[in-house]
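Chain and residue survey
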Protein chains: 2
Amino acid sequence: MADHAHHDGPPLTRNQQAVLAALKGADKPLTAYDVLGLPAIRKAGMKAPLTIYRALDKLIDQGLVHRIESLNAFVHCGHGPHDHATGFLICTDCGRTLEVHLESCETHLAGRAREQGFAVDNVRVEMTGRCPECAARAAAS
Amino acid sequence: MADHAHHDGPPLTRNQQAVLAALKGADKPLTAYDVLGLPAIRKAGMKAPLTIYRALDKLIDQGLVHRIESLNAFVHCGHGPHDHATGFLICTDCGRTLEVHLESCETHLAGRAREQGFAVDNVRVEMTGRCPECAARAAAS
DNA sequence: CCAAGAATGTAATGATATAACGTTTATTGT
DNA sequence: ACAATAAACGTTATATCATTACATTCTTGG
């Protein structure tokens, strides 16, 4: 099996692979400096923030990683590349995020924009709240 | 007329008034350091970033100002305080933003979250693209 | 007035992100 | 294969965004 099973962009470089693997292995979004601090990343020889940001930029271009604006953090896109808008559910208790696809909503949102004469390129939705586990734990207490 | 016509929260302090006035006078979102650099702000005696951030925090609490996450910038809420979600249309050419209300969309978005067992507190939507003026200018060239 | 809480001032620092420049590695055309 | 080009990378410094810590002043209710 190729090292880019769901992916038809250019093959990933060593640095890009290392950063993508780091995000895949994390259970929540990581900042660039979080990534930089990981042993596996240091082992791969990456030691400057710019190295991480460059890899992240490419991964984002290819749709393999998303940036969570309100956290200044990055998360692996579990659904593989896709072209419709995505939303993120961010748990304020545990910090984990869930990605939701917004096929239908996107049309609606972009429509609200078009009413204003605005030509939309990109839609980002971030919602904070409690994930099922944390909501349950809070209810139990 | 009182100095808080559409507003029933606590009266604004001098610093808060100065920062709010700065944002009202700007034609696009300002960063905290943009605000700090304004002559009117220096005249008001504010000279440290923290002073600006503290005022912004209070204004945001009261719904008079919104933070645009993807710009790390702040904008006056032209609609007065409100409790439904808002979206921002951010022009990538001129940097101006338009605020749109998402009464109907919010339900939809929160519904997508609820499907996942997620209890949503807060919804933020940011869309990038071209404003009517910049789209027209681009088409003309 | 006086105590309590909120807001502010000041300095230092922490956290996030990019610029500038040179070198190395990969790709492409011939 | 080889040179030309482009992409990625390394290194250092720096720019940009935000908070901690602690002392002081202002406001407000008793």
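As the structure is a prediction and not an experimental result, all values here were calculated from the model.

**Digging into the relation of the copies chain A and chain B**
Take chain A, turn it by 180°, move it 0.1 Å along the axis, and it overlays chain B with an RMSD of 0.1 Å. Expressed as an axis order, the relation between the two copies is that of a two-fold axis. Scanning chain A for the C-alpha nearest the rotation axis identifies Val 125 of chain A, at a separation of 2.3 Å. An overlap of 100% is found between the interface residues of chain A and their copies at the interface of chain B, pointing to a shared contact surface.

**Remarks on the protein's contact with DNA strand C**
Around DNA strand C sit 14 residues, and of these Tyr 33, Leu 50 and Arg 67 of chain A together with Thr 13 and Arg 54 of chain B come closest. Take the atoms of DNA strand C that sit within 4 Å of the protein: sugar and phosphate atoms are 37% of them. With respect to DNA strand C, the side chain of Arg 54 of chain B contributes an N or O atom lying 2.5 Å from a base nitrogen. When residues of the surface near DNA strand C are traced back to their parent elements, those giving at least two are helix 4 (49-61) of chain A together with helix 4 (49-61) of chain B. With 4 residues, helix 4 of chain B is the single largest residue contributor to the surface near DNA strand C. Looking at the surface near DNA strand C residue by residue, the classes come out as 5 nonpolar, 5 polar and 4 charged.

**Looking at the protein's contact with DNA strand D**
The environment of DNA strand D is made up of 14 residues, and the closest members are Thr 13 and Arg 54 of chain A together with Tyr 33, Leu 50 and Arg 67 of chain B. Among the atoms of DNA strand D close to the protein, meaning within 4 Å, 46% are from sugar or phosphate groups. Side-chain polar atom of Arg 67 of chain B to a phosphate oxygen of DNA strand D: 2.3 Å apart, as the coordinates give it. Of all the secondary structure elements, the ones that give two or more residues to the surface near DNA strand D are helix 4 of chain A together with helix 4 of chain B. Ranked by residues supplied to the surface near DNA strand D, first place goes to helix 4 of chain A with 4 residues. For the surface near DNA strand D, the per-class residue count stands at 5 nonpolar, 5 polar and 4 charged.

**Let's talk about the domain arrangement of chain A**
Residue and element names in this part refer to chain A. Under the domain assignment, chain A is made up of domain 1 (1-79) and domain 2 (83-141). In this structure, domain 1 and domain 2 have C-alpha centres spaced 22 Å apart. Summed over both partners, the interface of domain 1 with domain 2 comes to about 960 Å²; 54% of that surface belongs to carbon and sulfur atoms. At the junction of domain 1 and domain 2, the tally comes to 2 salt bridges. Between Arg 124 and Glu 69 there is a salt bridge, with its nearest N and O atoms 3.2 Å apart. In this structure, the connection of domain 1 to domain 2 is made through 7 residue pairs in polar contact (both at pLDDT 80 or more). Here the side of domain 1 that touches domain 2 gets 3 residues from one element, more than from any other, and that element is strand 1 (residues 65-68).

Reading the values: rules and limits
- Think of each chain on its own: its residues are numbered from 1, step by step along the sequence as written.
- Key to labels: chains lettered from A, ligands numbered from 1, both in the order written.
- With the structure being a predicted model, the display of local features is reserved for residues of pLDDT at least 70 and the display and counting of side-chain atom pairs for 80 or more, all residues being used for whole-chain, interface and lining totals.
- Hydrogens are left out, water is left out, and the side-chain values use all remaining heavy atoms of the structure.
- The least-squares superposition of copies is restricted to C-alpha atoms, and to residues with a pLDDT of at least 70 in both copies.
- Contacts are assigned to residue pairs that have any heavy atoms within 4.5 Å of one another.
- Nearness here has a simple test: a residue counts as near a molecule or strand if at least one of its heavy atoms is within 4 Å of that partner.
- In protein, a polar contact means a hydrogen-donor-capable atom and an acceptor-capable atom, both N or O and within 3.5 Å, with residues adjacent in sequence counting only if both atoms are side-chain atoms; elsewhere, any N or O pair within 3.5 Å suffices.
- Under the scheme used here, helices are H or I runs from DSSP no shorter than 4 residues and strands are E runs no shorter than 2 residues, and both carry numbers assigned from the N terminus.
- Here the term charged refers only to Asp, Glu, Lys and Arg, the term nonpolar to Ala, Val, Leu, Ile, Met, Phe, Trp, Tyr, Cys and Pro, and the term polar to all other amino acids, Gly among them.
- The split into domains, and so the bounds of each, comes from an automatic or database assignment of domains.
- What counts as buried area is the accessible surface, traced by a 1.4 Å probe, that two parts surrender upon association, with contributions from both included.
- A pairing counts as a salt bridge when a side-chain nitrogen of Lys or Arg comes within 4 Å of a carboxyl oxygen of Asp or Glu.

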